[in-house]
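# Structural overview
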Amino acid sequence: MIIHVDMDAFYASVEQRDRPELRGKPVIVGGRAEDRGVVAAANYVVRGFGVHSAMPTATALKLCPHAILVRPRIDHYAGISRQLREIFHRYTPLVEPLALDEAFLDVSGSERLFGPPGTIARHIKKVIHDELALVASVGVAPNKFLSKLASDVDKPDGLVIVQQEEVEEFLEPLPVGRIWGVGKVTERVFQRLQIHTIGELRERS
């Protein structure tokens, strides 16, 4: 089984952890609007206003004028990412980082030491919370594609486990845009074909 660990609003969560006065407030980590900056991370408060990562900062501040803009500290985030990887390697040597804030862990050979994959996932979430004061969403599934989907469906602070016999049931109601490689253009093509979910796509030839 594969575990996908995805830190929730990583940059923004680090800033809120380090600066308690930011907690509960709309926080954007990114470049300045006057420098044509973009949003690197948005906490869940400001996401309620429609702000999301990769959005121009100017647009984000129009959506949420009272948001607090914090300049990114990439070296600091990278240091915390190394701490995360050290935690992951306690459970398996098979760690595939995707970015500073997410990684795949193959725990197929770790069950005799640490228990079932779901138990390992819970341990990892707890250790991240206890040692780093950060929150992760985790997906557990038979492969990387499914585990990444699973980590995303119950954010923030999610834990979703998909067993082999549950794969079709898990996939069918999800929007077709959740499939890797299906971008906005392809999604519009599917919509014209009245294909909105992965289940509807599966029914086609």
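The structure we're discussing is the one just above.
Cut-offs applied
- Residues numbered from 1 in each chain as written.
- Predicted model: local features only at pLDDT ≥ 70, side-chain atom pairs only at ≥ 80, totals over all residues.
- Heavy atoms only, no water.
- Salt bridge = Lys/Arg side-chain N within 4 Å of Asp/Glu carboxyl O.
- Helix = DSSP H or I, 4+ residues; strand = E, 2+ residues; numbered from the N terminus.
- Buried < 20%, exposed > 50% of the residue type's maximum accessible area, 1.4 Å probe, protein only.
- Phe/Tyr/Trp six-rings, centres within 6.5 Å; stacked < 30°, edge-to-face > 60°.
- 1 Å grid on protein atoms, 1.4 Å probe; cavity = no way out; pocket = protein on both sides within 12 Å on 5 of 7 lines; lining within 4 Å.
- Points joined across faces, edges and corners; volume = space filled by probe spheres on them.
- Nonpolar A, V, L, I, M, F, W, Y, C, P; charged D, E, K, R; others polar.

Counted by the stated rule, this structure contains 17 salt bridges. Between Asp-8 and Lys-155 there is a salt bridge, with the nearest N and O atoms lying 2.6 Å from each other. Highlighted residues: Asp-8 in the loop between strand S1 (2–7) and helix H1 (10–18) and Lys-155 in the loop between helix H7 (144–152) and strand S8 (159–161), separated in sequence by 147 residues. Residue class for Asp-8 comes out buried when judged on its relative accessible area of 4%. Its relative accessible area of 24% is what places Lys-155 among the partly exposed residues. Between Lys-125 and Asp-157 there is a salt bridge, with the nearest N and O atoms lying 2.8 Å from each other.

This part is about the side chain of Ser-147. Mapped onto the fold, Ser-147 is located in helix H7. For Ser-147, a relative accessible area of 0% corresponds to the buried category.

What follows covers the packing of aromatic side chains. Using the criterion set out here, one finds six aromatic pairs in the structure. Taken together, a centroid distance of 5.0 Å and an interplanar angle of 55° make the contact between Tyr-91 and Phe-114 tilted. Here the residue Tyr-91 occupies a position in the loop between helix H4 (74–89) and strand S5 (95–99), and Phe-114 occupies one in helix H5 (residues 111–114), the gap between them amounting to 23 residues. Tyr-91 gets classed as buried once you look at its relative accessible area, which sits at 10%. Judged by relative accessible area, which is 27%, Phe-114 ranks as partly exposed.

Another aspect to go through is the layout of surface pockets. In this structure, the largest pocket occupies an estimated 260 Å³ of space. Lining the largest pocket are 18 residues, with Ala-9, Phe-10, Arg-47, Ser-53 and Asp-101 sitting closest to its centre. Secondary structure elements with two or more residues in the lining of the largest pocket: S1, H1, strand S3 (39–42) and helix H2 (44–47). Ranked by the residues each element gives to the lining of the largest pocket, the list is headed by S3, at three residues. The residue makeup of the lining of the largest pocket, split by class, is ten nonpolar, two polar and six charged. Within this model, the second largest pocket holds a volume of roughly 220 Å³. As for the second largest pocket, its lining consists of His-4, Asp-6, Glu-102, Lys-148, Leu-149, Ser-151, Asp-152, Lys-155, Arg-178 and Trp-180. Counting only elements with at least two residues in the lining of the second largest pocket, the list comes to S1 and H7.

Let us now look at empty space enclosed by the protein. Tallied over the full model, the rule gives one cavity of 30 Å³ or more. Space inside the largest cavity adds up to approximately 50 Å³. Around the largest cavity sit Val-5, Met-7, Ser-81, Leu-84, Arg-85, Phe-88, Pro-97, Ala-99, Leu-100, Asp-101, Glu-102 and Ala-103, which together line it. Within the residue set of the lining of the largest cavity, elements represented by two or more residues are S1, H4, S5 and strand S6 (102–106). No other element matches H4, which puts four residues into the lining of the largest cavity. Per-class residue counts for the lining of the largest cavity are eight nonpolar, one polar and three charged.

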